[in-house]
Amino acid sequence: MIIGWGHLEATRLGTTLVASFLASLVECVEALTVVLAVGSVRGWRSVLAGAAAALALLAAVVGVLGPALARIPLRRLALVPFHVVQLVAGGLILLFGLRWLRKAILRSAGLVPLHDERAAFAKKAAAMREANAGSISGWDKFAFSAAFNVTMLEGTEVVFIVLAFGAGGAGLLLPASLGAVAALLVVAGLGLALHRPLARVPENTLKFLVGVLLSALGTFWVGEGAGLGWPIPASASPDLAILLLIAAYLALAVCLAPICRLQARVVAEES
Amino acid sequence: MRWIKSIAREVWGLFVDDGSFAAAILVWILLAVVVLPRVAPAARCDGPALFAGLALILIESALRFSRRSAKCRASG
């Protein structure tokens, strides 16, 4: 068996699963808002067909590429040493995680407007009402295309998120994929049940948490790839460093939001 | 073809929105990989030093944005 579970720590698996679930949840909610907006104006048949076609295409791509990636024995890959894979995956996750964390901090500080699913829904619905109103009755290419595009777009982002998490170590692709599939099922289920945008999903809090988790994971993987050491007892698991990094990033982010707000106020008064 | 361009742009946007922020992270990672193992006073200090550098980059970028944003608002 190429993917072994024995050497993997629960911290690493759990963090990857939760981070993948939360990050995918944010993307799925954004896709759902557009699908609901288009469907409520143009009818459901073409919209659901568009979303289903995009999901089928994504599933086919992942179905072909996924097993091939999972079979690559990363630690034994002669051409690319494992520490290089960890460095690249860690670097990508750091870029992604710190970007989300920075945005979440600035939103918490009131310097960047919060993402409003209701406003996004209303804007998209208005655009759909104005566009090609004559074709709504029959097969609606416009609605199909809108649903296909947004599902493909957000779905591709989810695939990249899963690949970035999965590349951090052998056996991480499965928890990362499970997290993404769970997010899709949760959002699709809620969308079917409620038929309205999930405006109550605390998007910024999710981005804040995902940013903290990803930044911690990315820092850990870059550190592991570079052979850096962590101030933990020699007898403890190296994954204890992930928990310390999560705590450190969380403390930093919680402190930084009010500092940014204060600085913006001071600068505004001076100007 | 338009949606392929949109997807490429969105995927790029997943990792980069502020170019200088992304560049600073990459440069610090490079320095951490090449320099830190050689200059850290103890083996267990280099991991925290990697975190400290990333934390400083985040702080500087967030404060720079808040300064710029406040100036823009003040000037109308």
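Just above sits the structure.
Reading guide: rules and limits
- Residues numbered from 1 in each chain as written.
- Chains lettered and ligands numbered in written order.
- Predicted model: local features only at pLDDT ≥ 70, side-chain atom pairs only at ≥ 80, totals over all residues.
- Heavy atoms only, no water.
- Helix = DSSP H or I, 4+ residues; strand = E, 2+ residues; numbered from the N terminus.
- Rg over C-alpha atoms; globule rule 2.2 N^0.38 Å.
- Areas by Shrake-Rupley, 256 points an atom, 1.4 Å probe, with all protein chains shown as cover.
- Lys, Arg positive; Asp, Glu negative; His and termini not counted.
- Charge placed at Lys NZ, Arg CZ, Asp CG, Glu CD.
- Core = buried A, V, L, I, M, F, W, Y, C linked by side-chain atoms within 4.5 Å.
- Buried < 20%, exposed > 50% of the residue type's maximum accessible area, 1.4 Å probe, protein only.
- Contact = heavy atoms within 4.5 Å.
- Salt bridge = Lys/Arg side-chain N within 4 Å of Asp/Glu carboxyl O.
- Polar contact = N/O pair within 3.5 Å; in protein donor to acceptor, adjacent residues only side chain to side chain.
- Axes fitted to C-alpha atoms, helices over the stretch in contact; angles between N-to-C directions.
- Parallel < 35°, antiparallel > 145°, perpendicular 65-115°, else oblique.
- Left-handed = near helix turned anticlockwise from the far one by under 90°.
- Nonpolar A, V, L, I, M, F, W, Y, C, P; charged D, E, K, R; others polar.
- Patch = residues over 30% accessible without salt bridge, like charges linked within 9 Å, V, L, I, M, F, W, Y side chains within 5 Å.
- Phe/Tyr/Trp six-rings, centres within 6.5 Å; stacked < 30°, edge-to-face > 60°.
- Lys NZ or Arg CZ within 6 Å of the ring centre and 35° of its normal.

Caption draft 1: View of the overall build of chain B. Helix and strand counts for chain B come out as 4 helices and 0 strands. Going from N to C terminus, chain B has its helices and strands arranged as α-α-α-α. The C-alpha radius of gyration of chain B comes to 17 Å, more than 25% above the 11 Å expected for a compact globule of 76 residues. Carbon and sulfur atoms form 68% of the exposed surface of chain B, whose accessible area is close to 4500 Å². With 10 positive and 5 negative side-chain charges, chain B shows a separation of 5 Å between the mean positions of the two kinds.

Caption draft 2: Structural view of the nonpolar core. Formed by 103 residues in total, the largest nonpolar core has its most connected members in A:L94, A:L98, A:I105, A:Y249, A:C260, B:I25 and B:L58. With 16 residues, helix α1 (residues 10-42) of chain A is the single largest residue contributor to this core. The residues contacting A:Y249, other than those within four sequence positions of it, are A:L94, A:L98, A:L101, A:V212, A:S215, A:A216, A:T219, B:F51 and B:L54.

Caption draft 3: Structural context of the interface of chain B and chain A. At the junction of the two partners, chain B supplies 42 residues and chain A supplies 47 residues. Between the two partners, chain B and chain A, sit 2 salt bridges. Notably, a salt bridge pairs A:R102 with B:D18, separated by 3.1 Å at the nearest N-O pair. On the surface where chain B and chain A come into contact, there are 8 residue pairs in polar contact (both at pLDDT 80 or more). Those elements giving two or more residues to the side of chain B that touches chain A turn out to be α1 (2-15), α2 (19-34), α3 (36-39) and α4 (46-74) of chain B. Broken down by element, the residue count for the side of chain B that touches chain A peaks at 20 residues, all from α4(B).

Caption draft 4: Region of the structure containing the packing of helix α3 (residues 82-108) of chain A against α4(B). Where α3(A) meets α4(B), the closest approach of the two axes is 10 Å, and the angle between their N-to-C directions is 40°. Here α4(B) runs oblique to α3(A), going by the angle between their axes. The element α3(A) and its partner α4(B) pack so that their crossing is right-handed. Taking contact as the criterion, the partners of A:L94, A:L98, A:L101, A:R102, A:I105 and A:L106 in α3(A) are, on α4(B), B:L54, B:L58, B:S61, B:A62 and B:F65. When the residues that make up the contact of α3(A) with α4(B) are grouped by side-chain class, the tally is 9 nonpolar, 1 polar and 1 charged.

Caption draft 5: Local environment of the environment of B:R64. Residue and element names in this part refer to chain B. Here R64 lies in helix α4. Note: C-alpha distance between R64 and D18 (46 residues apart in sequence) is 12 Å. There is a polar contact of 3.3 Å between the side chain of R64 and the side chain of S20.

Caption draft 6: Main features of the packing of α1(A) against helix α6 (residues 173-194) of chain A. Residue and element names in this part refer to chain A. Close contact between α1 and α6 brings their axes to 7 Å; oriented N to C, the two are set at 35°. Considering only the axes of α1 and α6, their crossing is right-handed. Contacts between α1 and α6 pair L13, T16, L17, S20, F21, S24, L25, C28, V29, L32 and L36 from the former with P175, A176, L178, G179, A180, A182, A183, L184, V186, V187 and G191 from the latter. Residue composition of the contact of α1 with α6, by class: 17 nonpolar, 5 polar and no charged.

Caption draft 7: Quick look at a nonpolar patch on the surface. Residue and element names in this part refer to chain B. Residues V27, L30, L31, V34, V35 and V39 make up a contiguous nonpolar surface patch of about 510 Å² in total accessible area. No other element matches α2, which puts 4 residues into the nonpolar patch. Within the secondary structure, L31 is located in helix α2.

Caption draft 8: Highlighting the packing of aromatic side chains. Applying the stated rule across the entire model yields 5 aromatic pairs over all chains. Measuring from ring centre to ring centre gives 4.9 Å for A:F96 and A:W100, while their planes differ by 50°; the resulting arrangement is tilted. With a gap of 4 residues between them, A:F96 and A:W100 both fall in helix α3, about one helical turn apart. What makes A:F96 buried here is its relative accessible area of 3%. Taking the relative accessible area as the measure of exposure, A:W100 reaches 1% and is therefore buried. Taking the centre distance of 4.8 Å and the plane angle of 85° together, the rings of A:Y249 and B:F51 count as edge-to-face. Of this pair, A:Y249 sits in helix α8 (residues 240-270) while B:F51 sits in helix α4, on two different chains. For the pair shown, A:Y249 and B:F51 are each scored as buried. Joined through ring pairs, the aromatic side chains of A:F96, A:W100 and B:F15 make up one cluster. Lying across the ring of B:F21, A:R102 places its NZ or CZ 5.3 Å from the centre. Sitting above the plane of the A:W100 ring, A:K207 keeps its charged end 4.8 Å from the centroid.

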